[in-house]
Structures are given as C-alpha cells and as structure tokens.
Amino acid sequence: MTDYGHDLMFGTFVTPIAQPVQHAVQQAVLADRLGLDLVTFQDHPYVSRFHDTWTLIPYAAARTERVRLTANVTNLPLRFPAQLARSVATLDRLTGGRIELGLGAGGFWDAIEAMGGRRLRPGEALTALEEGVQIIRGVWDTSTPGGLTVDGKFHAVRGAKRGPAPAHRPSIWIGGYKPRMLRTIGTIADGWLPSAQNLRGGIEDLARGSEIIDEAAESAGRRPQDVRRLLNLTGDFDDTSRGFLQGPPDQWVEELTDLALTYGTSVFILFSDDPGMTEMFAKEVAPAVRDEVRKARGTTS
Amino acid sequence: MSRQHSPIKLGVELAHDDVAAAVDCAVEAERLGLDLVVVPSTSSGPDGWSLVSWIAGRTDRIGLVAGIDPAQRNLGVLGRASTSLDRLSGGRLTLELHPSPEISPAEALTVLRRMWDTSTRRVRHDGAIKLAGAEPGPLPAHDIRIWMSGDVELAGSTADGWHGRLDDPDQLAQNLQLLRKSAEKADRDPHELERVITLTTWDDVDAMTTLVTEHGVTAFILRIDENSPEGLLERFVQEIAPRLREAGRQAVADGALTPSPVRRAEIRARRVSGIDYDGLPAHLAANAVEPGDALYNSIRSNYLRGGSPGLILRPQSVSDVVDAVAFARRHRHIPLGIRSGGHGVSGRSTNDGGLVIDVGALNDIEVLDRDRRLVRIGPGARWRDVATALQPYGWALGSGDHGGVGVGGLATAGGIGYLSRKHGLTIDHLQSVDMVLADGTTVRAGRSENPELFWAVRGAGANFGIVTSFEFVVDEVSDVGWAQLAFHVSDPEEFLLKFGETVAATPRDTTPFLIMNGSTAHVMAMVASDDPDEILAQLRPIAQIAPLVQQQVVIAPYAAVMNMFPESPHQAFGEPVSRSGLVTSITPGFAAVSARLLDSGAVHWFQLRSMGGAIADVEPDATAFAHRDAAFQITAMGSNAQRVDREWDRLRPYFSGIYTSFEADNSPQRLTEAFPPPTLARLRKLKEQLDPTGLFRDNFPLTDSHSVGSPA
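Not measured: the values here are computed from a predicted model. (Residues numbered from 1 in each chain as written. Chains lettered and ligands numbered in written order. Predicted model: local features only at pLDDT ≥ 70, side-chain atom pairs only at ≥ 80, totals over all residues. Heavy atoms only, no water.)

Draft legend 1. Region of interest: the overall build of chain B. Scanning chain B for helices and strands turns up 23 helices and 27 strands. Overall, the C-alpha framework of chain B stretches about 90 × 50 × 50 Å when taken along its three principal axes. For chain B, buried positions account for 58% of its 712 residues. For chain B, the proportion of contacts with a sequence separation of at least 24, taken over those separated by at least 6, is 72%. Here chain B has roughly 27,400 Å² of accessible surface; of this, 48% comes from carbon and sulfur atoms. (Helix = DSSP H or I, 4+ residues; strand = E, 2+ residues; numbered from the N terminus. Buried < 20%, exposed > 50% of the residue type's maximum accessible area, 1.4 Å probe, protein only. Contact = heavy atoms within 4.5 Å. Areas by Shrake-Rupley, 256 points an atom, 1.4 Å probe, with all protein chains shown as cover.)

In structure tokens form, the structure reads like this:
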C-alpha cells in the first residue's frame, strides 16, 4: 500500500456528444471556472453522435484559461502517432502547457476496422502502442539532432523531422488492465489511467495493478512514483449512503482520501455531464480531500 | 442601406512557425473584416488542424480553411473531425486538399462527402482509402466545400474550388483557363468553382482586378509569416481590398461572376420550377437549403408531416427575415410555411414544392429585467432551452408537454402546458412582440403599441407576420412535483367521467394530462409545489380513479421535465391526421362517444389536456385565443383521415371549439371553430389591413379567397 506523494488533481470525464453542439465545451468551461485541474473527453472516432475528440480539445482549450485537457483515452489505432504528437505539441504551445496525452491501445476492433483502422490482436495492439509512444516522444524531442527513425512493426517513421517541441512535457497516461499492459505502463508511461467501473475485482485491483507497475518500473530503472495513478470514477451525490461514492460529500471525501493514501491515486476524474454534480465535486469534495491528504501526509512524513 | 454584396472573398494565409503569432494574425484578420483564414497543412512543424480548431474557438465570424494532406490522416476520422469543427464553429469550415502521392485528393473528396451524407447508414469504400462500414454523420452545420491545390484539371472536374498562387501571372492565367476547360469537359458550370489566389505582395493591382473580371477569380489570400513587413495586412485591407471587391461587383454586373458559387449540377437538377433561386439575396442564399443539399433531408420534414419544399430560407437576423418575406411576396403561386421548431402537430411548417422560412437561428434567450422577470426570447429557441436558461433564476415559463417544441409557433397560438392551470397559457405571459409584417415593415406590438395586433398575435399570430422576438414576464417556479401514473382501465367511459370530475375538484396547482390507449390510461401530472405532502395530497384523488399499474412521483426542476425527451431530427413521412376539440366539461355523452372512438381502432393517440384554472381568469375577448371556458383540450391522431373523421364527427356536437396547434384539417370550416364569430370578425378586419392579399395563408388563413394552402 503506497502513497506516491503526488500533488492531487481533480477533473471531469465528459461525453463529447455532438448534440447540443456546445454541450461538451460548456462542461469544460464550467470545470475551468470551478478551478478543477483537468477536463477529459472520451475518444471514440467511430461513433457518429460524438464530436471528434482531437478537434473538440483545441476548441474547448481556446475557450478556457487554466484547466488542463486530454482525451481519456486517445484511440491510437485511428490516430497516426507522428501526427498526434504534432497535434499535442501544437496545442501545448497554444495553451501554455495545458495538454496531456491519455492513450489507449484500442478495444472495439469491429468499429476500428469499419473506420479503416487495422484489426490487431491484443498483443499486437500493445506492441503498436509501445511503438506509438516511442514515435510521439521522438517527435517532441527536438534536443536530439537529426531526423527521427522508428522502425516499428505497426508504426514506422524514417528520418522524420522532429518538432514542434511542446511547451511542457505532456504526460502520457495509458489506460489498461491486463498484466502485460500494466508492465508496459510501468516501463514507459507517465501514468496509469483505469476506470473504477472496469476493475473486475473491485478497488483492490488498484493494489494488484500497482504492484505489477511498480515492479516493471523498477526493473526499467525508474521509480514507482514516476508513474502517476489516475482513476476514472462514477458516483452520485445523495443524502444517504448507498455505496461507494454514492452518498453525501463527506462520504466522498473520506473514500477519495482513502484512495489517495492507501492506493496512491492522485488524479480523480469524475464521469459528469451534469453541471450540478461537477460543481459539488469541485466545491465540496476536491478541497476537502486535498486538506485531508495534506494533513495525513504531514503527520506521517 | 447596406453596401452591395461583393462575391470577392479576402483572406489571410498563416505561414508562421510561431503558432501564437499565427493566432494573433487570424484574430486581427477577423477584426479587419476579412472573410477567410487559411491554415495550410505541412508535413512537419505545427499541426494545422489543431491550430485551425483553436482559432475557431478564438474567433466568431471569419471563415476557416483547413489545409489537408490526405496521406497524413485517417480519412474517416477526418470526415468526422470536419463535421465537428464545422458544427462547433457555426458552419465556417472549408477544406483544402493538398496533392499527395499516396492518396488522390479526388478519392479523399469522395470519401469525405460520403462521411457527411447521412442518408445512408454505412460507408464502404475500397481503394487507397478503406472504409468497411463506417457510420456517416453527424451532419455538418453547412455544406462544407472542398478546394484543391495543385492539379488544376482534377480540381476542375471534381472540386468546389482551386487554390493557386500569383507568383507567375502567365502560368496562373493558363491554369485558370485549364480549370475552366476541365470543368466544362466534366459537364460542370465553371461558376461552381471558387478560384482562390494566394499572394505575398502586390505591385500591379490592375492585373489583379483583371483576374477577377477576365478569369473569374473569387478570392485573394495574403500569405503572412513572422517576416512579413509590419502593417502588410492593414495595407492589404485599405489599399487593395476595396478595389478587388469593386471588381467583383463589376464582374457580377457583367455576368462574368455569380454572386456566390453555383451549386453542383447534380444539385441544381433537383430545383423546382417557378422558384427564383438565383434571385435570392446573397446573405439569404448563404444559408438557404434546397433539394439535393446535404442538409436538405434533415430539415425538409417536420415533426409529423413529410415535406419536399423547393427552398428553405434560414434567416440569421431580422433584416434577413424582411428579405425572406419580400422573396415570399414574389412567390405567391407556391405554398409558404413558417417554421420555428418544426414541431407543430398541424404540420404547417413544411410543404411540397413551396417555400419555408425557418427562423430557427433566431434563438436568443435574454433576461431583460430581473426584478420584473422580463425575458426576451427568439422564435427559434426550443422550450427545453428556455426552461434550462430560466432554471438558475428559479423561474419557468409554461409551454406544452415537449421540450423540443419551438417558441414561435406555440407562442402565437396559445400554449396549453403543464403549468397552465396554475399560471395560464404561454400567450398570457406575453408583454410584446417584434414582428415582420406581410409588406416587410417591422413593428412592435404590445398593450399600448399596436394593441389590436398584439391581441391578434395571441392566438392567430400565424396570419399576421413573422415574430422575430417575444418578451414575456415569466413565473417564479420552484421545483415541481412530477407524476407519471398508469392505470388499468376496464371501462373507458367511466374512467373519463371520473377523470373529468376529479380534475374539476383538483386545485389549480396541478395540471394533469391524460392519454388513453386500449385498457391502459397514462396520466402525466405536474404539481406546482415542492412540498411532498402537498404534492401527494393533490395527486391522491387522481391516483384513486382506477387501479394503478405503475406510478412514479418525483420532485424535479421544471427544466428536467422539459428535457425529458432528447433532441431528435424530424423525419416524418406523409400527412398527419390530427384533430382537436375543446370541451367545457366531460359529460356522460362525451364520455360514451369517446369510449366508442377508442374502441374503433381508428385513433392511435387520444390525449386530454386539462385547462381551466388561470386560463379561465382571462376574458375571452382579451386575446385571439377565445376559448377561456374550456376544461379540456382533446387531441386524436390516427393514420386514416376518413376513418378518424367518421368517429370524430360524432364527437363534434360536444365541442365548444378547437385549438389550432393540434388541428391538421385545413378546411375552412375549422376556422370558425377555432375563432368564435366576434373574434373571427375582428381578426378578419385586421387581416384586411395588414395582409390584404393573404401572403400568410398556409396556417388557418383568415382570407378564404387566398387559401390556396398546401395539397391536402
């Protein structure tokens, strides 16, 4: 059980619905106004009722001032890594360092294939993800002289011109659950981004997953705290308690504080398309969890 | 008098390495009144798509041209991304396909257009680009035009425009000739194509105006980067823009240019004869939709009526509405539908082969005076948006029972909704309207200004003009009780009688609507109270009418009820068969005949809306909606008009009138039922003054002789 000691971040997970047109943008503007740290959008380019996420992000970024933005998570099989890297870097420069990069290996292969993506087996998709990350970081790395060459099996670039360099080092947060993916995350990622509702073994899966990630990080010569632990969460505010994150704000504070101190989760991303819920999370939950965690860390360290 | 439109567009091309400088330049271009900002695609450096999407968020008006290398992106995703950017930016996007050795721009163009065509369910394409059943859509906000740079012959035969450079004037002139020839060879009208020229500097403005008058160039783009001389953009705007625009006006006068690009041949082939499409003022033409346009299938029909209008005008401002009405005056030989939300059950907002003026874009909602709760609302706003906008203030304005309904149609007819017994009809909240009349004049009507028109608008507004904004005093409304009850009905006749008695004894806080269907009855009731005990006390007598098979009671914001149904496009087919009747009470005779009608199978929808309460506080002659004594509004819908009418005619003796919004029968007799004799006489007198020739004639026309209506 580890607290990796990261500063806490609080954000929302917004459905990028295309109708009403400005709905998702308004959620981002609200999060910005409420002082949340992060707004994230699903990325399912094969779904026609959604906006394209890497179009929505620049537009929403232009309408906000402080909040960080990312896809949660980017569908790599339908994005070309070098292009994605340029897109993230361009936006990072425009926003003064507010863009991060949530990445996923892809899951809905029928839909991906329908859109012209290549159907990959799970192992292949993981390799493709590793190659993609190598290309993305390579494009961002303008301090290394010469062109970028990555001779991958699924993604390849030969002598590509590097740049632009992002304004800050965007974190690459990867979603995934299976051991092999977790080892990859420990080896190359800046963060692990699972969704609580997909943890088949419940919250305890966080501890089991983190163990694999920590080991992988250490065998790659990294420190466990080089990999942030993020979590997508669903919840409901209610007068009485009905379960995990279903109850009054006090209960939320207690449960999220426990996640931070026991499981090392430092980024809490709430599924919310509801302004009332987002406001409650930003005002009643986030500051109190920060306080509690600060107090607990103060007494133990 | 506004300056005459010039077909020439002027823009700036961003060639900066520094993205922040590029954005500043785009914002400056918008401020200076330029029309376009072009973001080229490059194989390295900043990503143009991200930049143009960011610029969309930082500008309001300027057109956005995104350069695309087809090989650098998944084209299916690009189709979706283009739709997103076009919708987010309010219809400002143009794409420019750059040459690519791997993927032909012509193939990319085909795939992109198919990704925007929502008339098919799946897109399959097997070429250099592969799609294996991608979902097309959503629909862009406007027809996204696709330009090409490079291969001029390919552009001439397939694209919506060609983008070249001014570097070598002779070469350019040759290319423009080749463009024209290849268009003609492909059986295209060369005026379908935009001709776009980039320059970095200029010395011979005469040569540039010649490009317009001789070669039909439609746009000039000034390429700017960090090294461009200070003030270059201002000089472009001040020194040569006026001359280029003037050359464009001259070219139109000479017939060398059209006021805006001509639609593609396959679209023009679907035009309806007798409509002067090419005589449309340019600013109306910019948002007009005609058969064959990408947007046509999504707006041709309304909620319940299938339509095939020949032209849909979508004014963006009051002066656009004035021009649209002038255009309608020149087209009296075809039907004229006026549309706000297109939800009207009577179906009048579309037609076959006619004109539709859709004021959906006039949808602002603005609080004018917080103390008085005075709110100004555009006719195109939907009631769900009104409810959502008023909720933070603790206010609401009753409408009907569906949030997708538009403001304009309902607020000129009546507005019998869930808050009506407590707070009256929607029209009872009206303080004033701004209108465009048949002769094109704009007027304000309120209690002291044009009071007779103000009277008429509240119930018969469709006859007198197009309302461009409404001012309402809205109500303070807390959260409300919202009940959905389902009953088992063994004896419909008895159920109706009991329902009538119970509602008569129910406090006016509660407004129940009843839907009867076979052996089941559904009651949707709103209680204007947030006190659980009070809510339950008022609902209990209703719940005891018959055995309940399902019940749900919640306390929710009024806006939540209005947002209950998600927005969905209107894609009806055929003619609605809907009938309306008003009764002052549910008598045994009415109940018996209604039970017979329900048993006949002729109707699939039978609804009673409770009235009375605050509705009846208003004098019958205070508004053109005169049926203040009605206790219920009854709507029946079926699929076969003859069958429905055979049963419905037996009910007519019980009716004290009809409500226009739910009546799809447009025979003249219905008019006398909608408006009692004194009301009708007064309305006709005013119609004689304000619309003597019957321009507004498709929705309960008051002038019989002009009631050409739509084909029944």
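Don't stop here, the text continues.
Draft legend 2. Structural view of the domain arrangement of chain B. Residue and element names in this part refer to chain B. We note that the domain assignment places domain 1 (9–144 + 196–249), domain 2 (267–358), domain 3 (396–475) and domain 4 (480–674) within chain B. In this structure, domain 1 and domain 2 have C-alpha centres spaced 29 Å apart. Across the domain 1/domain 2 interface, buried area totals approximately 440 Å², and carbon plus sulfur atoms make up 58% of it. At the boundary of domain 1 with domain 2, the tally comes to zero salt bridges. The tally of links from domain 1 across to domain 2 stands at one residue pair in polar contact (both at pLDDT 80 or more). (Domains from an automatic or database assignment. Buried area = accessible area lost by both parts, 1.4 Å probe. Salt bridge = Lys/Arg side-chain N within 4 Å of Asp/Glu carboxyl O. Polar contact = N/O pair within 3.5 Å; in protein donor to acceptor, adjacent residues only side chain to side chain.)

Draft legend 3. Main features of the interface of chain B and chain A. In this complex, chain B contributes 42 residues to the contact, which on the side of chain A involves 41 residues. Contact with chain A buries surface across chain B, with B:Trp54, B:Arg87 and B:Leu88 losing the most and accounting together for 23% of the total. Where chain B touches chain A, the interface holds zero salt bridges. Among the elements of the structure, α1 (19–31), α2 (48–58), α3 (75–88) and β6 (130–134) of chain B are those that each provide at least two residues to the side of chain B that touches chain A. Per-class residue counts for the side of chain B that touches chain A are 19 nonpolar, 14 polar and nine charged. (Nonpolar A, V, L, I, M, F, W, Y, C, P; charged D, E, K, R; others polar.)

Draft legend 4. Representation of the packing of aromatic side chains in the model. Taken as a whole, this structure holds 18 aromatic pairs over all chains when the rule is applied. When the ring of B:Tyr418 is compared with that of B:Trp482, the centres are 4.9 Å apart and the planes differ by 75°; the resulting orientation is edge-to-face. Here B:Tyr418, found in the loop between α14 (407–411) and α15 (420–423), pairs with B:Trp482, found in strand β21 (residues 480–488); they are 64 residues apart in sequence, far enough to count as distant. One exposure class covers both B:Tyr418 and B:Trp482, and it is buried. Each ring, one from B:Phe625 and one from B:Tyr659, has its centre 6.0 Å from the other, and the planes form 80°; the classification is edge-to-face. With a gap of 34 residues between them, B:Phe625 in the loop between β26 (605–610) and β27 (632–638) and B:Tyr659 in the loop between α21 (641–651) and α22 (668–674) connect regions that are remote in the sequence. Here B:Phe625 and B:Tyr659 have matching classes, each one buried. Chaining the aromatic ring pairs together yields one cluster made of A:Phe10, A:Phe237, A:Trp252, A:Phe268 and A:Phe281. A cation sits over an aromatic face here: A:Arg229 above A:Tyr4, 4.0 Å from the ring centre. (Phe/Tyr/Trp six-rings, centres within 6.5 Å; stacked < 30°, edge-to-face > 60°. Lys NZ or Arg CZ within 6 Å of the ring centre and 35° of its normal.)

Draft legend 5. Quick look at the pairing of strand β19 (residues 466–473) of chain B. All names here are of chain B. The buried count for β19 comes to seven of eight residues, which makes it a mostly enclosed element. Direction of pairing for strand β15 (residues 374–377) relative to β19: antiparallel, over a ladder of four bridges. When the bridges of β19 are listed, Arg-376 appears paired with Glu-471. Bridging between strand β17 (residues 430–436) and β19 involves six bridges; their strand directions are antiparallel. What sits directly across from Val-433, in β19, is Phe-470. (Pairing = 2+ DSSP bridges.)

Draft legend 6. Structural context of the sheet that holds strand β7 (residues 145–149) of chain B. All names here are of chain B. With parallel pairing, eight strands are arranged side by side around a closed barrel as β1-β2-β3-β4-β7-β8-β9-β10. Geometrically, the sheet is characterised by an average inter-axis angle of 25° between neighbouring strands, direction not taken into account. Note: strand β1 (residues 9–14) against strand β10 (residues 219–224), six bridges, orientation parallel. If you follow Gly-11 over to β10, its bridge partner there is Ile-221. (Axes fitted to C-alpha atoms, helices over the stretch in contact; angles between N-to-C directions.)

Draft legend 7. Focus on the packing of helix α2 (residues 53–62) of chain A against α2(B). Viewed as axis vectors pointing N to C, α2(A) and α2(B) meet at an angle of 40°, and their least axial separation amounts to 7 Å. By the angle between their axes, α2(A) is oblique relative to α2(B). Considering only the axes of α2(A) and α2(B), their crossing is right-handed. In this structure, α2(A) uses A:Trp54, A:Thr55, A:Pro58, A:Tyr59, A:Ala61 and A:Ala62 to contact α2(B), whose residues at the interface are B:Trp49, B:Ser50, B:Ser53, B:Trp54, B:Ala56, B:Gly57 and B:Arg58. (Parallel < 35°, antiparallel > 145°, perpendicular 65-115°, else oblique. Left-handed = near helix turned anticlockwise from the far one by under 90°.)

Draft legend 8. The pattern of salt bridges, seen in detail. Residues and elements named next belong to chain B. Using the criterion set out here, one finds 61 salt bridges over all chains in the structure. Of the charged contacts, one joins Asp-293 and Arg-263 as a salt bridge, the two residues approaching to 2.9 Å between their closest N and O atoms. Here Arg-263 lies in the loop between α8 (232–254) and α9 (265–268) and Asp-293 lies in the loop between α10 (282–285) and α11 (296–299), a separation of 30 residues in the sequence. Across this residue pair, the class does not change: Asp-293 and Arg-263 are buried. Between Asp-278 and Arg-271 there is a salt bridge, and its shortest N-O distance comes to 3.2 Å.

Draft legend 9. Molecular detail of the confidence of the model for chain B. All names here are of chain B. Averaged over all residues, the pLDDT of chain B equals 94, while 98% of them reach at least 70. Note that residues 705–712 has pLDDT below 50 and, in this model, 18 contacts with residues that lie over four places away or in other chains. Scored as a complex, the prediction yields pTM 0.85 and ipTM 0.97. (pLDDT = per-residue confidence, 0-100.)

Draft legend 10. Geometry of α1(B). Here α1(B) spans 18 Å end to end across 13 residues, near enough to the 18 Å set by a 1.5 Å rise per residue. Those residues of α1(B) that sit buried are B:Val19, B:Ala22, B:Val23, B:Cys25, B:Ala26, B:Ala29 and B:Glu30. Each buried residue of α1(B) lies within a common arc of 160° when the element is viewed along its axis, so the set occupies one face. For α1(B), the exposed residues lying more than 90 degrees away from the buried face are B:Asp24 and B:Arg31. Considering only its buried residues, α1(B) is in contact with α3 (81–95) of chain A together with β1, β2 (36–39), α2, β10 and α8 of chain B. Its side-chain oxygen 3.0 Å from the backbone nitrogen of B:Ala20, B:Asp18 forms the N-cap of α1(B). At the exit of α1(B) stands B:Gly33, carrying a positive phi of roughly 85°. (Expected span 1.5 Å × (residues − 1). Arc of directions from axis to C-beta.)

Draft legend 11. Fine view of the packing of α2(A) against α3(A). All names here are of chain A. One way to put it is that α2 packs onto α3 with a least axis distance of 10 Å and a crossing angle of 10°. Looking at the two axes, α2 sits roughly parallel to α3. Across the interface between the two elements, Trp-54, Ile-57, Pro-58 and Ala-61 of α2 pack against Leu-84, Ser-87, Val-88, Leu-91 and Thr-95 of α3. For the contact of α2 with α3, the class distribution of residues is seven nonpolar, two polar and no charged.

Draft legend 12. Representation of the nonpolar core. Among the nonpolar cores identified, the biggest contains 163 residues, and A:Phe41, A:Leu103, A:Leu256, A:Phe281, B:Trp49 and B:Phe220 are the most heavily contacted of them. A:Phe281 has contacts with A:Phe10, A:Gly11, A:Leu36, A:Phe237, A:Trp252, A:Leu256, A:Phe268, A:Leu270 and A:Ala286, leaving out every residue within four places of it along the chain. Counting 54 residues, the second-largest nonpolar core is a separate cluster that includes B:Ala460, B:Met524, B:Val561 and B:Ala624. (Core = buried A, V, L, I, M, F, W, Y, C linked by side-chain atoms within 4.5 Å.)

Draft legend 13. Looking closely at empty space enclosed by the protein. Within this structure, the stated rule accounts for four cavities of 30 Å³ or more. Estimates place the volume of the largest cavity at around 190 Å³. Together, 18 residues line the largest cavity, and A:Trp54, A:Arg79, A:Gln83, B:Arg73 and B:Val77 are the ones closest to its centre. Considered class by class, the residues forming the lining of the largest cavity number eight nonpolar, six polar and four charged. Residue assignment for the lining of the second largest cavity shows that the elements contributing at least two residues are α3 of chain A together with α2 and β3 (63–68) of chain B. Grouping the constituent residues of the lining of the second largest cavity by class yields two nonpolar, six polar and four charged. (1 Å grid on protein atoms, 1.4 Å probe; cavity = no way out; pocket = protein on both sides within 12 Å on 5 of 7 lines; lining within 4 Å. Points joined across faces, edges and corners; volume = space filled by probe spheres on them.)

Draft legend 14. Up close: unusual backbone geometry. A cis amide bond links A:Asn72 with the next residue in sequence, A:Val73, at an omega value of -5°. Positionally, A:Val73 belongs in the loop between β3 (68–71) and β4 (74–75). Note that the residue after A:Gly163, namely A:Pro164, is joined by a cis bond; omega there is 0°. Within the secondary structure, A:Pro164 is located in the loop between β7 (156–160) and β8 (172–174). Notably, B:Asp187 is not glycine yet its phi reads approximately 60°, a positive angle. Turning to its location among the elements, B:Asp187 is positioned in the loop between α6 (169–185) and β9 (194–199).

Draft legend 15. The environment of B:Leu178, seen in detail. All names here are of chain B. Summarising the element assignment, Leu-178 is placed in helix α6. Take Leu-178: its relative accessible area is 32%, and that puts it in the partly exposed class. Once the C-alpha coordinates of Leu-178 and Arg-330 are considered, the two residues, 152 residues apart in sequence, prove to be 39 Å apart. Those residues within four positions of Leu-178 in sequence are excluded, and the remaining contacts are Val-152 and Glu-153.

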